[in-house]
Amino acid sequence: MSSKANKILILATETCAYPGADSVGQAHSSYPANTYILRVKAPVLFPESFYIDCFKKGISGIIVMSCGEECPYEGAYKALADRLNSVYQKMKALNLDLKRLRLTAICTVCNRAFLNEINQMNELVNKLGPPQPA
Amino acid sequence: MMKENDKKVGVYICYCGGNISDHVDVEAVRNRVEKMPGVAVAKTNMFMCSDPGQELIIDDLKSGKIDRVVVASCAPSLHETTFRGAIERAGANPFIYEHANIREQVSWVHHGDPATDKATVLISAAAAKARKLKPLEPIRVDAKKHAVVIGGGIAGIKSALEIARNGIEVAIIEKTGSLGGNLNNLGRLAPSGENASDILQEILGKVKAAPSITIHTGCEVTDVQGYVGNFTLDVKGRTDSFKIDTGAIVMATGSVSYQPFEGEFGFGTYPQVITLPTLIEALKQSKYQTETGWFEFGGKPVRNIAMIHCVGSRQIPGIHEPRENGQLNEYCSRTCCSAVLNAANQIKERFAKTRVVDMYRDIRTYGRGQEALYDRASANKVVFMRYEADAMPTVEKSSTPDFPLTVKIKDGLTFNEEMDVPADLVVLATGIEPSDVSGLASAMKLPVGTDRFLLEVHPKLRPVEFPVAGVFLAGTCQAPMDAGEACNAAGAAAAKTCALLSKGVIELDPFVAEVNPDKCQGHGNCVDACIKEGALKLVDVQRGGKTVTQAQVTAAMCLGCGACAAVCPEKAIDLNGWALEQYEDMVDAIVAA
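Calculation criteria
- Residues numbered from 1 in each chain as written.
- Chains lettered and ligands numbered in written order.
- Predicted model: local features only at pLDDT ≥ 70, side-chain atom pairs only at ≥ 80, totals over all residues.
- Helix = DSSP H or I, 4+ residues; strand = E, 2+ residues; numbered from the N terminus.
- Buried ≥ 20, exposed ≤ 12 C-beta atoms within 10 Å, placed from the backbone.
- Contact = placed C-beta atoms within 7 Å.
- Rg over C-alpha atoms; globule rule 2.2 N^0.38 Å.
- Nonpolar A, V, L, I, M, F, W, Y, C, P; charged D, E, K, R; others polar.
- Expected span 1.5 Å × (residues − 1).
- Axes fitted to C-alpha atoms, helices over the stretch in contact; angles between N-to-C directions.
- Parallel < 35°, antiparallel > 145°, perpendicular 65-115°, else oblique.
- Left-handed = near helix turned anticlockwise from the far one by under 90°.
- Domains from an automatic or database assignment.
- Pairing = 2+ DSSP bridges.
- pLDDT = per-residue confidence, 0-100.

## Re the overall build of chain B
Within chain B, the secondary structure is distributed over 14 helices and 30 strands. Seen along its three principal axes, the alpha-carbon backbone of chain B occupies a region of about 95 × 65 × 40 Å. A buried classification covers 49% of the 593 residues belonging to chain B. Contacts spanning at least 24 positions in sequence make up 71% of the contacts within chain B whose residues lie at least 6 apart.

## Comments concerning the overall build of chain A
A count of helices and strands for chain A gives 4 helices and 4 strands. Along chain A, from the amino end to the carboxyl end, the secondary structure elements read β-α-β-α-β-α-β-α. Since a compact globule built from 134 residues should have a radius of gyration of about 14 Å, the 14 Å found for chain A is in line with a globular shape. Its C-alpha atoms give chain A principal-axis dimensions of about 40 × 35 × 20 Å. Per-residue burial over chain A gives 53% buried out of 134 residues. Put simply, of all contacts in chain A between residues at least 6 apart along the chain, 83% involve residues at least 24 apart.

## Some thoughts on the interface of chain B and chain A
Contacts between the two partners involve 44 residues from chain B, matched on the other side by 41 residues from chain A. A total of 7 residues in the side of chain B that touches chain A trace back to one element, the largest contributor, which is helix 14 (residues 580-592) of chain B. When its residues are assigned to classes, the side of chain B that touches chain A shows 30 nonpolar, 8 polar and 6 charged.

## Section: helix 14 of chain B
The terminal C-alpha atoms of helix 14 of chain B lie 18 Å apart, and with 13 residues this matches the ideal 18 Å at 1.5 Å per residue to within 8%. All buried positions along helix 14 of chain B are accounted for by B:L580, B:Q582, B:Y583, B:M586, B:V587, B:A589 and B:I590. Summarising the contacts, the buried residues of helix 14 of chain B are in contact with strand 1 (7-13), strand 2 (35-40), helix 2 (48-57) and strand 3 (59-66) of chain A together with helix 5 (112-131) and strand 30 (573-575) of chain B.

## Description of the environment of B:K134
You can see B:K134 is positioned in the loop between helix 5 and strand 5 (139-142). Taking the number of C-beta atoms within 10 Å as the measure of exposure, B:K134 has 17 and is therefore partly exposed.

## Looking at the packing of helix 2 of chain A against helix 14 of chain B
Relative placement of two packed helices is described by the angle separating their axes and the distance separating the axes. For the pair helix 2 of chain A and helix 14 of chain B, interaxial distance at closest approach is 10 Å and the crossing angle is 15°. Between helix 2 of chain A and helix 14 of chain B, the interaxial angle falls into the category roughly parallel. The chirality of how helix 2 of chain A crosses helix 14 of chain B is right-handed. Counted together, A:F50, A:C54 and A:K57 of helix 2 of chain A and B:L580, B:V587, B:D588 and B:V591 of helix 14 of chain B form the full contact between these two elements.

## As for helix 9 (residues 336-350) of chain B
Helix length check: helix 9 of chain B, at 15 residues, gives a terminal C-alpha distance of 21 Å against a target of 21 Å (1.5 Å per residue), a fit within 8%. Burial analysis of helix 9 of chain B places 13 of its 15 residues in the buried class, the great majority of the element.

## Thoughts on the domain arrangement of chain B
All names here are of chain B. Under the domain assignment used here, chain B contains domain 1 (1-136), domain 2 (146-254 + 435-506), domain 3 (264-431) and domain 4 (510-576). Using only C-alpha atoms to locate each centre, domain 2 and domain 3 end up separated by 33 Å. On the side of domain 3, 19 residues touch domain 2, which itself brings 10 residues to the contact. Looking at the side of domain 2 that touches domain 3 residue by residue, the classes come out as 5 nonpolar, 2 polar and 3 charged.

## Examining unusual backbone geometry
Omega for the bond connecting B:A190 with B:P191 falls within 30 degrees of zero, at -5°, which places this linkage in the cis form. Here B:P191 lies in the loop between strand 7 (169-174) and helix 7 (196-209). Here A:H28, not a glycine, exhibits a phi torsion of approximately 55°, which is positive. Among the residues examined, A:H28 registers 10 C-beta atoms within 10 Å and is labelled exposed. You will see that A:N95, though not glycine, has its phi angle at about 60°, which is positive. Along the chain, A:N95 falls in the loop between helix 3 (76-93) and strand 4 (101-105). A:N95 gets classed as exposed once you count the C-beta atoms within 10 Å, which come to 10.

## As for the packing of helix 8 (residues 276-285) of chain B against helix 9 of chain B
Residue and element names in this part refer to chain B. Across the interface, helix 8 lies against helix 9 with an axial gap of 11 Å and an inter-helix angle of 35°. The handedness of the crossing between helix 8 and helix 9 comes out as left-handed. On helix 9, the residues that touch L276, L279, I280 and L283 of helix 8 are C336, A339, V340, A343 and Q346. Along the lines of polarity and charge, the residues of the contact of helix 8 with helix 9 split into 8 nonpolar, 1 polar and no charged.

## Some points on the sheet that holds strand 2 (residues 39-45) of chain B
All names here are of chain B. Strand order in the open sheet made by the 4 strands is 2-1-3-4, with parallel pairing throughout. Because the sheet does not close on itself, it has two edges, and the strands there are strand 2 and strand 4 (97-101). Between one strand axis and the next, the sheet turns by 15° as a mean value, whatever way the strands run. Pairing of strand 3 (residues 68-73) with strand 4 involves 5 bridges; the strand directions are parallel. Directly across from S73, in strand 4, lies its bridge partner N101. Running over the sheet, helix 2 (residues 51-62) touches strand 1 (9-14), strand 2 and strand 3 and is turned about 165° from strand 2.

## Things to note about the environment of B:D375
Along the polypeptide, B:D375 turns up in helix 10 (residues 371-379). Spatially, the C-alpha atoms of B:D375 and B:N525 are 64 Å apart, while their sequence positions differ by 150 residues.

## Thoughts on the sheet that holds strand 22 (residues 417-423) of chain B
Residues and elements named next belong to chain B. One open sheet holds the 3 strands; their spatial order is 20-21-22, and the pairing between them is antiparallel. Two strands in the sheet have a free side with no partner beyond their single neighbour: strand 20 (394-397) and strand 22. On average, adjacent strands in this sheet sit at an angle of 30° to one another, irrespective of strand direction. Pairing of strand 20 with strand 21 (residues 405-411), which is carried by 4 bridges, proceeds in the antiparallel orientation.

## Structural notes on the environment of A:N6
Residues and elements named next belong to chain A. Along the chain, N6 falls in the segment before strand 1. The spacing of N6 and T35 is 29 residues in sequence and 9.0 Å in space, taken between C-alpha atoms. Aside from chain neighbours lying at most four places away, what touches N6 is N34, S60, V125, N126 and P130.

## Let's talk about the confidence of the model for chain B
Per-residue pLDDT for chain B has a mean of 94; in total, 99% of the residues score no lower than 70. For this predicted complex, the interface score ipTM comes out at 0.96, alongside a pTM of 0.72.

Written as structure tokens, this is what we have:
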């Protein structure tokens, strides 16, 4: 099996980022395999504890790939952004590098942006190694 | 009740005829998956979507070997419904299904051992989720066989006619005093040359003759309550207010022509600078031909017309000046190129002496028969000049008495030669802006793009639908489009409205929030977090002989976003089919690998 280290969790919205990831696949554009995409209706589902628990369990980086301002659930994106702000506060308290969690907007055809986000996060987690919450 | 540990998950892994198996060692994955907890059966097939592939699932379900299903294959957008259908044909509940995407997200992007390993992990996560899936029943609500179309332009009228033709009553609510919208302002339509008023007359005749269509002109919708199948609209007329109960709503609120600001290309400064709609109106009002052979505007012959494209469209931050609200129209309005060329051709063909200079950034005469307009304009000796966005033409008062205006342009077609074009008339090809429906969109929780047009859920997967069930959109409230395209969208919205309402009962996806009454303490955090007013409320219920306050979901109104699940301290509310605890299990499976 592959290395246990440096896993990147991607929460991808079913209407935007998840089909965006499929579009990258259709283009046969390769990216690191330590990335695990979970299809979500809206990432506003996840409480602060979900993110912190992921880091505690050993996930090295999380990219929330949302629909951004074009979120089909009016009001959910703002709630998500507020939520992540408070996750960042908790991460700070645990001495976790804040760059391990990233909120971004990926559309159904945003192939280049998708690959950029993944490559940047991969570079980061390879540099930082697995998380060690205080 | 069975515990999740008792669940028997069947995992079916697809070769996809080599698309997957060329990069993923499918049999090695099967061997690993077979040993995973809860996995009762792990099988492979060359094409899981084929009949023999689906039969594997059906046979195992029927024989009782499995009670949960995971198929690892292509993207769920392609075959999730296929496999849910197979499960249904086996007599089981279709929602005991989870999909692992090992083609688009594995074999097409990774190779060799990492691909095989990742496919294994994704299937392991899917199986972990599947163990916590429960059978779900579609939510059934009665639906009123009535639709409201907001907006009485061509899209609204066509939607209403199509809906009415299928035996469903329709009310059209139009804020102006008459139906027809922007078509009232158009003349001969590109590319066919038909008269907009003839088309409108024909179609309005049908609307007025349709007994099941009620028309409310001079009315605006001020609020919308309720949910799919059972909406109530507050409507304000000029003298009275009333309510309409309806099953579905089509937003056909249309668009307006961009109004240039004072001084933009001389608009408002020089009376000889007009917008394209003004020119179209002048062409409609003008005699077909004049004795002088010149086109006449304001009673004066027009010798030279300069037409400037992309006014109020394709605006670039840093180059174009935003409106007071900071807004820039960065989109292409799509219809203006054809409309300008259509007008140019009419002028050249009716008033041969008038010269037309067409100043464009790019010409986009997209669509069937529309490129011919460009060819015709060239044959009609329209002179084309091309400018760049960062060197736009300027309109100035002429320094000579011969012409009132001079348009200065750096022409890319003549190697950036700087030209002074004398003009009697300057026409600005103004683009399309959506009508302001921000109040209604906010009240109905309809998504609006940064360009202020209304947003459908997905242009390919769920076109003309809003995420709010029972609300559809048609026409230029969605994006710039011509009358033909607006009618196409109207047809699509009407078809979806009819499909929704025809049975009188609606089955909704069961992916909505559900409260666990054993855990709910009635804190109300979920109600505060809920983004859809009315979907969640606190109610007093009797439990164990006591009155307690608990959260209650109105399933038909729930959008299924899960905002409530994140904030409950007791984890007493979760999203059916997409539960937080299922994601926690998926993460565990990923980290365990």
